[in-house]
Amino acid sequence: MNNELQTNPRFQAPPQRRDFLGIASMWSAVVALGVATLGALRLPMPSVFPESDSRAKLGPLEPFLATAVTVVPKHRIWIYADSDGLYAISAVCTHLGCIVSKSEDGGFFCPCHGSRFDAGGLVTAGPAPKPLTYLELTVSPDGQLVVDKQKETTAETRLSV
Ligand code: FES
């Protein structure tokens, strides 16, 4: 009787169906492994390139040269002009990123937690851990002032024009 069950085709699954399920599961595993490998290879590549958004054109040079201090709220910076050229100070507080304002003494103050900075951006009262950031200024080929918000520079650096 048992031998009859093994040899009788009525009691066995069709060989084609078994083959199809085996091949389908193998290809599913191959595709899943391929997708996972592609995802793992892509991890080191950033989806967003910070360089592309960090540079911003501010407009023609002349108005910045003619004004001692220009506020650029859109980019959260202050542009200064002195006898050596132009420089930019970030208005982003180095504590937790609030926007600083000018204070009566010529420095800056942060409304969030009370940090104070002198006119050069140095911390005079905490909790800000670092001075305000100086940002790189350049001139574009079409003569516009450009700030790079990812490139820090020193307090002594000037864009001489
Ligand atoms: S964010 Fe400026 S003091 Fe905290």
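Treat the numbers as computed from the prediction; the structure is a model and nothing was measured.

A. Structural view of the sheet that holds strand β2 (residues 69-72). Overall, antiparallel pairing links the six strands, which are arranged β1-β10-β9-β4-β3-β2 in an open sheet. Two strands close off the open sheet at either side, each with one partner strand: β1 (55-60) and β2. Geometrically, the sheet is characterised by an average inter-axis angle of 30° between neighbouring strands, direction not taken into account. In terms of strand pairing, β2 meets strand β3 (residues 77-82) through four bridges, oriented antiparallel. The residue bridging V71 from the neighbouring strand is W78, located in β3.

B. Molecular detail of the state of the cysteines. Under the defined criterion, the tally for this structure stands at one disulfide. Between C98 and C112 runs a disulfide, and the two sulfur atoms are separated by 1.9 Å. Classification of the bridge connecting C98 and C112 rests on its S-S torsion, roughly -95°, and on that basis the disulfide is left-handed. Here C98 is found in the loop between β4 (85-90) and β5 (101-102), whereas its partner C112 is found in the loop between β6 (108-109) and β7 (116-117), with 14 residues between them in sequence.

C. Structural view of the sheet that holds β5. One open sheet accounts for four strands, arranged β5-β6-β7-β8; its pairing is antiparallel. Of all the strands in the sheet, the pair left with one neighbour each is β5 and β8 (123-125). In the sheet, β7 pairs with β8 via two bridges, with the strands oriented antiparallel. Looking at β8, one finds that F117 is bridged to V123.

What counts, and at which threshold
- Residues numbered from 1 in each chain as written.
- Predicted model: local features only at pLDDT ≥ 70, side-chain atom pairs only at ≥ 80, totals over all residues.
- Heavy atoms only, no water.
- Pairing = 2+ DSSP bridges.
- Helix = DSSP H or I, 4+ residues; strand = E, 2+ residues; numbered from the N terminus.
- Axes fitted to C-alpha atoms, helices over the stretch in contact; angles between N-to-C directions.
- Disulfide = S-S within 2.5 Å.

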